[in-house]
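# Survey of secondary and tertiary structure
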Amino acid sequence: AVGINAEYGEEGVTDLDQYHNCPGAPLLPDFFLGDNYPVPESYSSDSDSSGGSIGKMMEKFRPLMTPEVMHKTAIVFALDFGDGGKWTFDMKDKGTISDTDETPADVTFQMTEDVFLKIVKGEMQSTAAFMAGQMKIQGNLMEAMKLEGLFKKMKTKL
């Protein structure tokens, strides 16, 4: 849709969803606007990506399970949040993210939801979380290192 800017009388694009890589998802704030610009509710830490709704956050990650990513990664890994549940990412055969999948994981990451969220948002490196004892890894450590890039891609889906 094209709109008219009341201040300048110019036309401009108002339907930005057509240009979004994930239509329907909220746009991220522009980081060049400074601190006085209000952050959309969809991006705040109290939104769907908070610990209380980990399932909604995992739903946002499903588009990352592409054949290309599966081919590069080719493992099954689990995120064990203790009382917060366990999520299995089957990137070997199924291309699924599930909290009910009992497929044995090649690698299991044990951490709190808060630590996971910090890693995904880029506020903490997974290696730093591991070294600080905030994240434990069971399984093949070399396979676990393949997932650093996936964690970075997850940030784009929050």
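An account of the accompanying structure is given in this report. Bear in mind that the values here come from a model prediction, so they are computed numbers and not experimental data.

## So, the sheet that holds strand β6 (residues 107–110)
- The strand order β5-β4-β3-β6-β7 describes an open sheet built from five strands, whose pairing is mixed. At either end of the open sheet lies a strand with only one pairing partner, and these are β5 (96–98) and β7 (136–139). Geometrically, the sheet is characterised by an average inter-axis angle of 15° between neighbouring strands, direction not taken into account.
- Sheet analysis places strand β3 (residues 76–80) next to strand β4 (residues 86–90), joined by five bridges and oriented antiparallel. From the neighbouring strand, Ala-78 faces β4, where its bridge partner is Thr-88.
- Along the sheet face, helix α1 (residues 54–61) touches β3, β4 and β5 and points at about 10° away from the line of β4.

## Looking at helix α3 (residues 113–121)
- Within α3, seven of the nine residues are buried, leaving the element largely enclosed by the surrounding structure.
- Every buried residue of α3 is accounted for by Glu-113, Val-115, Phe-116, Leu-117, Ile-119, Val-120 and Lys-121.
- Looking at the buried positions of α3, the neighbouring elements they touch are α1, β3, α4 (126–131) and α6 (148–155).
- Once α3 finishes, Gly-122 follows within two positions and takes phi at roughly 85°, a positive value.

## With respect to the nonpolar core
- Grouped together as the largest cluster of nonpolar side chains are 32 residues, with contacts concentrated most on Met-58, Phe-77, Leu-79, Phe-89, Phe-109 and Phe-116.
- In terms of residue count, the dominant contributor to this core is α3 (five residues).
- Ignoring sequence-local partners within four residues, the contact set of Met-58 consists of Leu-79, Phe-81, Trp-87, Phe-89, Ile-97 and Phe-116.

The rules we used
Residues numbered from 1 in each chain as written. Predicted model: local features only at pLDDT ≥ 70, side-chain atom pairs only at ≥ 80, totals over all residues. Heavy atoms only, no water. Pairing = 2+ DSSP bridges. Helix = DSSP H or I, 4+ residues; strand = E, 2+ residues; numbered from the N terminus. Axes fitted to C-alpha atoms, helices over the stretch in contact; angles between N-to-C directions. Contact = heavy atoms within 4.5 Å. Buried < 20%, exposed > 50% of the residue type's maximum accessible area, 1.4 Å probe, protein only. Core = buried A, V, L, I, M, F, W, Y, C linked by side-chain atoms within 4.5 Å.

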